[in-house]
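Commentary on secondary and tertiary structure
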Amino acid sequence: FMEIDSDSSGSITIQEFRERLQDERMKAYFDSLGLDTSDIWTLFKLLDIDQGCVIELDEFVNGCLRLKGTAKGVDMAKLCYEHRWMSKRLGQFMKRTDEALNFLLSARP
């Protein structure tokens, strides 16, 4: 974590993550965990559990442990992330639709 956090801020930005994953030692580390580094953005999103656009130490450790192993773990984490994202969007859509319907019904004579 400390090697990736180049500015010692206590969190990793996507820029820091991308830059450090160009290093062969860092790639080897993630490979040893069974984590695919070919899609840096997806890996970053999966590690950024609270979706704060930075990875903090606890997210990094927990995320690496959670994703460690076969591609099945990464695939499941990706599905969970996409499900949370889609559920949030669907909830927003439903709220806007309900508000629009209520507005239309209240405007009826």
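A short tour of the structure in this document, coming up. Please read all numbers here as calculations on a predicted model, not as lab measurements.

What to know about the overall build of the protein chain
- Counting its secondary structure elements, the protein chain contains 5 helices and 2 strands.
- Starting at the N terminus and walking to the C terminus, you meet the elements of the protein chain as β-α-α-α-β-α-α.
- Over its C-alpha atoms the protein chain spans a radius of gyration of 19 Å, topping by over 25% the 13 Å that the globule rule assigns to 109 residues.
- In terms of overall dimensions, the protein chain has C-alpha extents of about 70 × 30 × 20 Å along its principal axes.
- Each of the 109 residues in the protein chain was classed as buried or not, and the buried ones make up 27%.
- Put simply, the protein chain shows about 7,600 Å² of open surface, and 60% of that area lies on carbon and sulfur atoms.
- Between the averaged position of the 15 positive side-chain charges in the protein chain and that of its 19 negative side-chain charges there is a distance of 8 Å.

A few points about helix 4 (residues 57-67)
- Taken residue by residue, helix 4 has Glu 59, Phe 60, Gly 63, Cys 64 and Leu 67 as its buried positions. On an axial view of helix 4, the arc spanned by its buried residues comes to 120°, and they lie on one face.

Comments concerning the nonpolar core
- Of all hydrophobic cores here, the largest spans 21 residues; its most connected members are Phe 17, Phe 30, Leu 47 and Phe 60.
- For this core, the secondary-structure elements that each account for two or more residues are helix 1 (14-20), helix 2 (24-32), helix 3 (40-47), helix 4 and helix 5 (71-106).
- Considering every element that reaches this core, the biggest residue donor is helix 3, with 5 residues.
- Excluding anything up to four places from it in sequence, Leu 47 contacts Phe 17, Ile 55, Glu 59, Phe 60, Gly 63, Cys 64 and Leu 67.

Re the packing of aromatic side chains
- Applying the stated criterion across every chain, the model contains 6 aromatic pairs.
- Ring plane angle 90° and centroid distance 6.2 Å describe the contact between Phe 30 and Phe 60, whose orientation is recorded as edge-to-face. Note that Phe 30 is positioned in helix 2 and Phe 60 in helix 4, a separation of 30 residues in sequence.
- Assessed through its relative accessible area of 5%, Phe 60 is described here as buried.

As for the state of the cysteines
- Counted according to the given criterion, the structure contains 0 disulfides.
- Here Cys 80 stays unpaired: no disulfide links it, and the sulfur of Cys 64, its closest cysteine neighbor, is 17 Å away.

Some words on the side chain of Glu 16
- Within the element layout of this structure, Glu 16 appears in helix 1.
- Buried charge without a salt bridge: Glu 16, with Arg 20 as the nearest opposite-charge side chain at an N-O distance of 8.9 Å.
- A polar side-chain atom of Glu 16 sits 3.3 Å from the main-chain amide nitrogen of Asp 7.
- Here Glu 16 is in contact with Ile 4, Asp 5, Ser 6, Asp 7 and Ser 11, once residues within four sequence places are set aside.

What counts and what doesn't
Residues numbered from 1 in each chain as written. Predicted model: local features only at pLDDT ≥ 70, side-chain atom pairs only at ≥ 80, totals over all residues. Heavy atoms only, no water. Helix = DSSP H or I, 4+ residues; strand = E, 2+ residues; numbered from the N terminus. Rg over C-alpha atoms; globule rule 2.2 N^0.38 Å. Buried < 20%, exposed > 50% of the residue type's maximum accessible area, 1.4 Å probe, protein only. Areas by Shrake-Rupley, 256 points an atom, 1.4 Å probe, with all protein chains shown as cover. Lys, Arg positive; Asp, Glu negative; His and termini not counted. Charge placed at Lys NZ, Arg CZ, Asp CG, Glu CD. Arc of directions from axis to C-beta. Core = buried A, V, L, I, M, F, W, Y, C linked by side-chain atoms within 4.5 Å. Contact = heavy atoms within 4.5 Å. Phe/Tyr/Trp six-rings, centres within 6.5 Å; stacked < 30°, edge-to-face > 60°. Disulfide = S-S within 2.5 Å. Salt bridge = Lys/Arg side-chain N within 4 Å of Asp/Glu carboxyl O. Polar contact = N/O pair within 3.5 Å; in protein donor to acceptor, adjacent residues only side chain to side chain.

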